[in-house]
Amino acid sequence: MSHAPLLARIPLFENLQPEELGQLSSLLHPRHCSKGDVIFQQGDEGAELYIVQTGQVAIRLHSPEGKEVILTLLGSGEVFGELSLLDGEPRSAHAVAREETMLLSLRREDFHRFLDSRPQVARSLLATLSRLVRRVTQHVHDATFLDARTRLVRVLLDLSRNQGEPRPRGVAIRQRLTQSELANLCGLTRESTNKWLRFYVREGMLEYESGQITLLDPEKFHRELG
């Protein structure tokens, strides 16, 4: 089975010609993960990139004290583990399947051979890594300078932009999230997250039922950020 249509939707590979996408597709290896499976851990040897075919993956950081922060949630067509393609250094975070997930892996040595004759992919890889650096920098900035309310609003808007589904009333975030998971995404305590979720429910701006978040008026949330 060719995965060329999926590859064509990924920014890292979108400039490849159809025959190149076909060649790259032949280098991919499928990997099935059940909910809760650890794909790799911080410190593991990095030797491959992963593409989410179906399902969802959480990229997490853990402190020695046991605290956890979710850096991002990734769905179909998104890529993670890119850094290992460049330096082969140990993994810098944990990757965990949040539900039954099908991945496609691309080994470092195979990618390097593919890359040798395709400099346009190298440019795309740099752009992808730049976005990764920006995402981490934004996360550090938010955790350092923004109050709890603003951090929650920013995360909700990011989720609605990346995983939102238009509904008759607002935009629903496809993936259900527990309050603990949402708190980790925001870098907040569960209590603080719960406080502001309840505030926006009372204000009629948000619905939160059994982990399903719906922004009833996304424009009001944008105005919250000024």
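Calculation notes
Residues numbered from 1 in each chain as written. Predicted model: local features only at pLDDT ≥ 70, side-chain atom pairs only at ≥ 80, totals over all residues. Heavy atoms only, no water. Helix = DSSP H or I, 4+ residues; strand = E, 2+ residues; numbered from the N terminus. Rg over C-alpha atoms; globule rule 2.2 N^0.38 Å. Buried < 20%, exposed > 50% of the residue type's maximum accessible area, 1.4 Å probe, protein only. Pairing = 2+ DSSP bridges. Axes fitted to C-alpha atoms, helices over the stretch in contact; angles between N-to-C directions. UniProt positions renumbered as here; feature names shortened; annotations may be inferred. Arc of directions from axis to C-beta. pLDDT = per-residue confidence, 0-100.

Some details on the overall build of the protein chain
- Scanning the protein chain for helices and strands turns up nine helices and twelve strands.
- For the protein chain, the C-alpha radius of gyration of 19 Å lies close to 17 Å, the compact-globule estimate for 226 residues.
- With the C-alpha coordinates of the protein chain rotated into their principal frame, the extents come out at 55 × 45 × 35 Å.
- Looking at the protein chain as a whole, 47% of its 226 residues are labelled buried.

So, helix 7 (residues 179–186)
- Among the eight residues that make up helix 7, seven are buried, leaving the element largely enclosed by the rest of the structure.
- Those residues of helix 7 that fall on the buried side of the exposure criterion are Q179, E181, L182, A183, N184, L185 and C186.
- Downstream of helix 7 by a residue or two, G187 has a phi angle that is positive, lying close to 70°.

Quick notes on the sheet that holds strand 9 (residues 164–166)
- Across the sheet, four strands lie side by side as 9-10-12-11; this open sheet has antiparallel pairing. The sheet is open, and its two edges are formed by strand 9 and strand 11 (206–209), each paired on a single side. Direction aside, the axes of adjacent strands within the sheet are offset by 25° on average.

Focus on the UniProt feature "domain: HTH crp-type" (unreviewed entry) in the protein chain
- Residues annotated by UniProt as "domain: HTH crp-type" (unreviewed entry) correspond here to residues 146–219.
- Counting secondary structure, residues 146–219 comes out at 53% helix and 19% strand; the distance between its end C-alpha atoms is 20 Å.

Thoughts on the pairing of strand 12 (residues 212–215)
- Here strand 12 shows two buried faces, one formed by Q212 and T214 and the other by I213 and L215.
- Note: strand 10 (residues 171–173) against strand 12, two bridges, orientation antiparallel. From the neighbouring strand, A172 faces strand 12, where its bridge partner is T214.
- In the sheet, strand 11 pairs with strand 12 via four bridges, with the strands oriented antiparallel. Each residue of the ladder has a partner; that of Y208, found in strand 12, is I213.

Concerning helix 4 (residues 108–116)
- Taken together, the buried positions of helix 4 are D110, F111, F114 and L115. Buried residues in helix 4, looked at end-on, bunch into an arc of 135°, giving them a common side. Of the exposed residues in helix 4, the ones pointing more than 90 degrees away from its buried face are R113 and D116.

A short note on the confidence of the model for the protein chain
- Mean pLDDT over the protein chain: 86, with 95% of residues reaching 70 or higher.
- Within the protein chain, strand 1 (residues 29–33) carries the highest mean pLDDT (96), whereas helix 5 (residues 119–145) carries the lowest (70).

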